Amino acid sequence: MEMLAISATKARNEWSTVVDTVIREKPQIIKRTRDHMFLADINLLSELLSIYTFSAKVYEENNGTITISLNEIDLAENGKDKQDALNKLAASILEYAEDYYNDFQYWARGNRATHKPYVFKALILNDIEKIGGLIECHHGKI
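In short, a report on the structure. (Residues numbered from 1 in each chain as written. Predicted model: local features only at pLDDT ≥ 70, side-chain atom pairs only at ≥ 80, totals over all residues. Heavy atoms only, no water.)

### Observations concerning the overall build of the chain
- A count of helical and extended segments in the chain gives 7 helices and 7 strands.
- Put simply, the chain runs from its N terminus to its C terminus through helices and strands in the order β-α-α-β-β-α-β-β-β-α-α-α-α-β.
- For the chain, the spread of C-alpha atoms along the three principal axes comes to 65 × 30 × 20 Å.
- A total of 142 residues make up the chain; the buried ones form 32% of that total.
- On the chain, roughly 9600 Å² of surface is accessible, and the fraction owed to carbon and sulfur atoms is 49%.
- In the chain, the 17 positive side-chain charges and the 21 negative ones have mean positions that sit 7 Å from each other. (Helix = DSSP H or I, 4+ residues; strand = E, 2+ residues; numbered from the N terminus. Buried < 20%, exposed > 50% of the residue type's maximum accessible area, 1.4 Å probe, protein only. Areas by Shrake-Rupley, 256 points an atom, 1.4 Å probe, with all protein chains shown as cover. Lys, Arg positive; Asp, Glu negative; His and termini not counted. Charge placed at Lys NZ, Arg CZ, Asp CG, Glu CD.)

So this is what it looks like as structure tokens:
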């Protein structure tokens, strides 16, 4: 990795060139002392996260409402029908992603560390309909 990295000093001194390279050519690895950072165009991040989708279990409640429970993140929503529950779940995913990012140092540790790709996927999409379109639903059993 050392051979691929540019120094933080060089990146700072040639910031416009570094950014142009990242946007038009390729990502850059920047080294500062022992730290390495990855600077990339957001479209590349979107491509890298394209394999991540959401899956959920759908439950029909005794009162006729529908509950959808997300598998990747501990979120569930109930609605009058499947579409209503799906819309609410997509909104909850985006809200969770924003909260996670805003307190990243806290949430990105422990058992929630595996949520990172889903959080960034939701943040990049930033659209409840698009997020809802990525939720693959399967029937669950109560």
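Next comes the rest of the description.
### Overview of the nonpolar core
- Counting 23 residues, the largest nonpolar core has I68, L70, L89 and I93 as the members making the most contacts within it.
- Every element with two or more residues in this core is listed here: β4 (54-60), β5 (66-70), α4 (82-102) and α6 (116-125).
- In terms of residues, this core owes the most to one element, α4, which gives 9 residues.
- Excluding its chain neighbours within four sequence positions, the residues that come into contact with L70 are F54, S55, A56, L75, L89 and I93.
- In terms of nonpolar packing, the next biggest core, distinct from the first, is built from 5 residues, I6, A11, V18 and I30 among them. (Core = buried A, V, L, I, M, F, W, Y, C linked by side-chain atoms within 4.5 Å. Contact = heavy atoms within 4.5 Å.)

### A few points about unusual backbone geometry
- A positive phi angle, near 55°, is found at T33, a position not held by glycine.
- Along the chain, the position of T33 falls in the loop between β2 (28-32) and β3 (35-39).
- According to the relative accessible area criterion, T33 is exposed, its value standing at 58%.
- Of note, the phi angle at N126 is positive, near 45°, even though the residue is not glycine.
- The residue N126 is located in the loop between α6 and α7 (128-133) in this model.

### Quick notes on the pairing of β4
- By the criterion of burial, β4 is predominantly enclosed, with 5 of the 7 residues buried.
- The sheet contact formed by β4 and strand β7 (residues 135-139) spans 5 bridges and is parallel. Counted as the bridge partner of A56 is C137 from β7.
- Here 5 bridges tie β4 to β5, and the two strands are oriented antiparallel to one another. Residue pairing for β5: A56 is matched across the bridge by L70.
- The antiparallel hairpin formed by β4 and β5 contains 5 residues in its connecting segment, where G64 sits at a positive phi of about 90°. (Pairing = 2+ DSSP bridges.)

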